[in-house]
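This is what each chain is made of:
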Amino acid sequence: MVQPLIGITTHANDAPHRAELDRLRDQIINGVERAGGLPVLIPPGLSEPTLRGIFARVDGLLLSGGGDLAPSLYGADPSTLVDGIDSARDWTELTLVRWALDAAKPMFGICRGLQVLNVACGGTLYRDIGEYPQAQPHTFYPGYPFDLRAHPIEIAAESRLAQIVARATIEVNSLHHQACREIPAGVRIAARAPDGMVEAIEVPGHPLALAVQWHPEALPDLAETRALFGALIVASAPADALYSCEQKH
């Protein structure tokens with residue numbers, strides 16, 4: 001199989017908590033490479049023509065974690081609970097997601113990436129999980145290792161996520177303080193935490209438009225992590241390369 005180019009969105013050099021984000025970014029790069037993809041970093045702040053040129057050349061997208069989306073993007077008021085807003089990154093990622101939805105280009109989102117996919121499709125967010133009435137602890141950071149598997153999630157039986165990981169429940173880490181609130185039409189909830197919080201969403205009918213709230217890149221040796229990265233690589237592989245691979249078998 002020809003190795004697909006995977007465009008990975010990333011944070012700015014002056015982003016809050018940059019050391020931690022750098023570590024997670026490097027783990028994403030390793031996950032893409034190990035799954036058979038060629039990682040290409042997409043920084044915020046590029047012009048639209050440059051971004052369009054990169055989008056045309058990559059075979060798939062991976063939306064990484066990071067700071068919060070601006071509340072105005074989903075019709076919410078400003079809040080002191082929101083942290084790390086980067087308008088250039090917001091524009092870059094929302095633009096890429098909308099292009100990928102229109103062009104049926106595969107994409108996989110992680111943590112912030114789930115929130116970007118939801119907002120790009122017309123959904124809203126809890127600015128902080130304290131706004132979620134029955135929220136259990138989800139922000140196991142700082143002070144806890146990133147690979148702490150903090151709670152289980154239940155995966156929807158008919159979802160693409162269930163097909164990929166071949167499990168009804170898995171244990172995940174939890175490093176987020178925001179979450180999906182309203183899920184728009186055309187988007188399906190693929191997994192929930194025990195408190196009902198959305199842990200994965202997907203767009204039915206798309207080659208792959210899937211996002212998860214946890215950080216699988218920090219759990220690199222789990223079978224479900226390898227399956228998620230592998231699903232992005234397979235979905236992103238050029239059609240003629242897949243055909244050639246199938247013919248050989």
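Given the structure is predicted, the values throughout are model-derived calculations rather than measurements. (Residues numbered from 1 in each chain as written. Predicted model: local features only at pLDDT ≥ 70, side-chain atom pairs only at ≥ 80, totals over all residues. Heavy atoms only, no water.)

Draft legend 1. Quick look at the side chain of His176. Within the secondary structure layout, His176 lies in the loop between strand S7 (169-172) and strand S8 (179-180). Of the residues examined, His176 reaches a relative accessible area of 2% and is grouped as buried. Here Gln178 takes part through its backbone oxygen, which lies 2.7 Å from a polar atom of the side chain of His176. Not counting residues within four places of it along the chain, the set of residues in contact with His176 comprises Cys111, Ile129, His138, Thr139, Met197, Glu199 and Gln213. (Helix = DSSP H or I, 4+ residues; strand = E, 2+ residues; numbered from the N terminus. Buried < 20%, exposed > 50% of the residue type's maximum accessible area, 1.4 Å probe, protein only. Polar contact = N/O pair within 3.5 Å; in protein donor to acceptor, adjacent residues only side chain to side chain. Contact = heavy atoms within 4.5 Å.)

Draft legend 2. How the structure looks around the packing of aromatic side chains. For the coordinates displayed, the defined rule picks out 3 aromatic pairs. Where Phe108 meets Phe229, the ring centres are 6.3 Å apart and the plane angle is 75°; that geometry is what we call edge-to-face. Taken together, the residues Phe108 in strand S4 (residues 107-110) and Phe229 in helix H6 (residues 223-236) connect sequence positions 121 residues apart. The buried category is assigned to Phe108, whose relative accessible area is 1%. Summarising the aromatic geometry, the rings of Tyr126 and Tyr132 are spaced 5.3 Å apart at their centres and angled 80° between planes, so their arrangement reads as edge-to-face. The two residues Tyr126 and Tyr132 agree in class, both being buried. Lying over the aromatic face of Trp99, Arg52 brings its terminal NZ or CZ to 3.8 Å of the ring centre. Of note, Lys105 hangs over the ring of Phe55, and the distance from its end group to the ring centre comes to 4.1 Å. (Phe/Tyr/Trp six-rings, centres within 6.5 Å; stacked < 30°, edge-to-face > 60°. Lys NZ or Arg CZ within 6 Å of the ring centre and 35° of its normal.)

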